[in-house]
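# Survey of secondary and tertiary structure
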Amino acid sequence: MSLQPCDSLWRASAPAAPTLTALEQDLEVDVAIVGGGFTGLSAALHLAKFGVSVALVEAAEVGFGGSGRNVGLANAGLWLEPNDLDRQLGPEAGRALYDALAVAPDYVFGLIEEYNIECEATRNGTLHCGVGKAGLTQLKRRCEQMQQRGAPVELLNTADAQARIGSDKFNSALFDPRAGTIQPLGYARGLAHAAVKEGAQLFDQSPVENITPDGESWVVKTAKGSLKAERVILATNAYGEYGVKNEARKFVPIFYSQLATKPLTEEQLKVVLPNKEGCWDTCTVMSSFRMDQQGRLVFGGMGGEKHYHASWASQRVKELWPVLSKVEWEFSWTGKIAYSEDHLPHCQQLQRGLFSVAGYSGRGIGPGTIMGKELAEWFTGRRDSLSAPMTTLRDIPLREVKRMFYEVGAHTYHVGQRTHVLD
Ligand SMILES: Cc1cc2nc3c(=O)[nH]c(=O)nc-3n(C[C@H](O)[C@H](O)[C@H](O)COP(=O)(O)OP(=O)(O)OC[C@H]3O[C@@H](n4cnc5c(N)ncnc54)[C@H](O)[C@@H]3O)c2cc1C
């Protein structure tokens, strides 16, 4: 795996991270964390806030993984429909996880305010945009299930959805006013500043090479230093493919690529997402679209760069918004999503004191922040358990075949895709 950060819009526009150094000493702390994404940083921040001595080591730089590369849709809940959560976990545990993540946007935007995190936080809600009959059916079902659980969501009719999106290619949209958009790398770097302010020790450019038991403790070893701790959190998610225990084998890595335009003109901005809600669609191979604060359209779709052609995106954008007939792309980048087989995040106690939390399956801003906080609460006796299931996951058989299946599927879909006809 290359540790070269990607050339994303987020990296070009995020405020700086705190100045960190590589770990070049042997430290003893209560909790050691591996991975500087939302999960690890939130755990570090909350543990430090609760007075626990904590150190975090990141292989590359803060937000190097999914946390610095994502779309920035700070949504409530998970990808799964609420009834599927109940079916998989049972009504009690399903509801507990649902409730914990329903308030995730409140918590994320609350942290942003509390620590003055500069991350283009825009709480205008998000739109899940309906395409075709199947899309409308799906949105009706989701809306009903969410409303049954008290969520203030609203299913917009065709006219309202089209006005909000600025495109006549959608027949409906599920509006969630709890959600919003953030500049994800700005949020990750802001969490790092907050963690440092609370007293956590953070190190970058420090890939963990191995973790070995030492009596009641663990020793987390990097090239030039080590952390000795009774508890270790592996927060490496889809990027944990090297060093330490190979957690990534328990998830299928799905590539997702994004392109960002140059800032749109005043005329175009009046048409394209005039209220700046973050959006994604109901298509089998999903696309996402949102604005940044400089008026760039950020357009994403499943598939790695190789298969995610700017020409496909240009055509699709032109179909959706004819006013963008000559779109100029300024940035393009790709990230890796860790899909668990049941699309749920999982916490595992691999051995006594050695924990791993991962598998957000494409929704990790709220869940990663909440899981980090819950780990800190659990370790300090503030709660009895986590909202996510505690499981033992096995390596996924035929993982590479499954990854290729998604990749080829996304490619074929993009190549074959033409304007969706509303029916
Ligand atoms: C393209 C894309 C779009 C997405 N869009 C959204 C969205 O709009 N909304 C949403 O809620 N979620 C979204 N997600 C999901 C979300 O970004 C992730 O779930 C979340 O960032 C996971 O955070 P994390 O902290 O668990 O892992 P990561 O952010 O991936 O962090 C893991 C870190 O571990 C480090 N690491 C790995 N191995 C080692 C080692 N040996 N030693 C030290 N460090 C190590 C890596 O360098 C990395 O920085 C998206 C993901 C992607 C990739």
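Here's a quick rundown of the structure.

Rules and cut-offs
- Residues numbered from 1 in each chain as written.
- Predicted model: local features only at pLDDT ≥ 70, side-chain atom pairs only at ≥ 80, totals over all residues.
- Heavy atoms only, no water.
- Helix = DSSP H or I, 4+ residues; strand = E, 2+ residues; numbered from the N terminus.
- Expected span 1.5 Å × (residues − 1).
- Buried < 20%, exposed > 50% of the residue type's maximum accessible area, 1.4 Å probe, protein only.
- Arc of directions from axis to C-beta.
- Near = heavy atom within 4 Å.
- Polar contact = N/O pair within 3.5 Å; in protein donor to acceptor, adjacent residues only side chain to side chain.
- Areas by Shrake-Rupley, 256 points an atom, 1.4 Å probe, with all protein chains shown as cover.
- Nonpolar A, V, L, I, M, F, W, Y, C, P; charged D, E, K, R; others polar.
- Domains from an automatic or database assignment.
- Pairing = 2+ DSSP bridges.
- Axes fitted to C-alpha atoms, helices over the stretch in contact; angles between N-to-C directions.
- Contact = heavy atoms within 4.5 Å.

### A few points about helix 11 (residues 365–379)
- The end-to-end C-alpha distance of helix 11, which contains 15 residues, comes to 22 Å, matching closely the 21 Å that a straight helix rising 1.5 Å per residue would cover.
- Burial runs high along helix 11: 14 of the 15 residues are buried.
- Once helix 11 finishes, G381 follows within two positions and takes phi at roughly 75°, a positive value.

### A short note on helix 5 (residues 104–114)
- Within helix 5, burial applies to A104, P105, V108, F109, L111 and I112. The buried residues of helix 5 occupy an angular sector of 155° when projected down its axis, which confines them to one face.
- Phi turns positive, to about 50°, at N116, one or two residues after helix 5.

### Re the site of the ligand
- Not every one of the 35 residues close to the ligand is listed here, only the nearest: T39, E58, S67, L73 and V208.
- Here an oxygen atom of the ligand and a backbone polar atom of F38 are 3.0 Å apart.
- Take T39: an N or O atom from its side chain is 2.8 Å from an oxygen atom of the ligand.
- When isolated, the ligand has an accessible area of 1,000 Å², and the protein chains bury 98% of it.
- Among the elements of the structure, helix 2 (38–49) and strand 18 (329–339) are those that each provide at least two residues to the shell around the ligand.
- The biggest single contributor to the shell around the ligand is strand 18, with three residues.
- Among the residues forming the shell around the ligand, the class breakdown is 16 nonpolar, 15 polar and four charged.
- Residue assignment places the shell around the ligand across two domains, with domain 1 (1–124 + 180–251 + 341–392) and domain 2 (126–177 + 252–339 + 397–423) each supplying three or more.

### Quick notes on the sheet that holds strand 14 (residues 252–261)
- The sheet built from eight strands is open, its strands ordered 6-7-5-15-16-17-14-18 with mixed pairing. In the strand order of this sheet, the two ends are held by strand 6 (154–156) and strand 18, each with one partner. Mean inter-strand twist for the sheet, computed between neighbouring axes without regard to direction, equals 20°.
- By the bridge criterion, ten bridges tie strand 14 to strand 18 in an arrangement that is antiparallel. For A260, the partnering residue across the bridge sits in strand 18 and is F331.
- This element, helix 6 (residues 132–148), spans strand 5 (126–130), strand 6 and strand 7 (172–176) of the sheet and lies at about 25° to strand 7.

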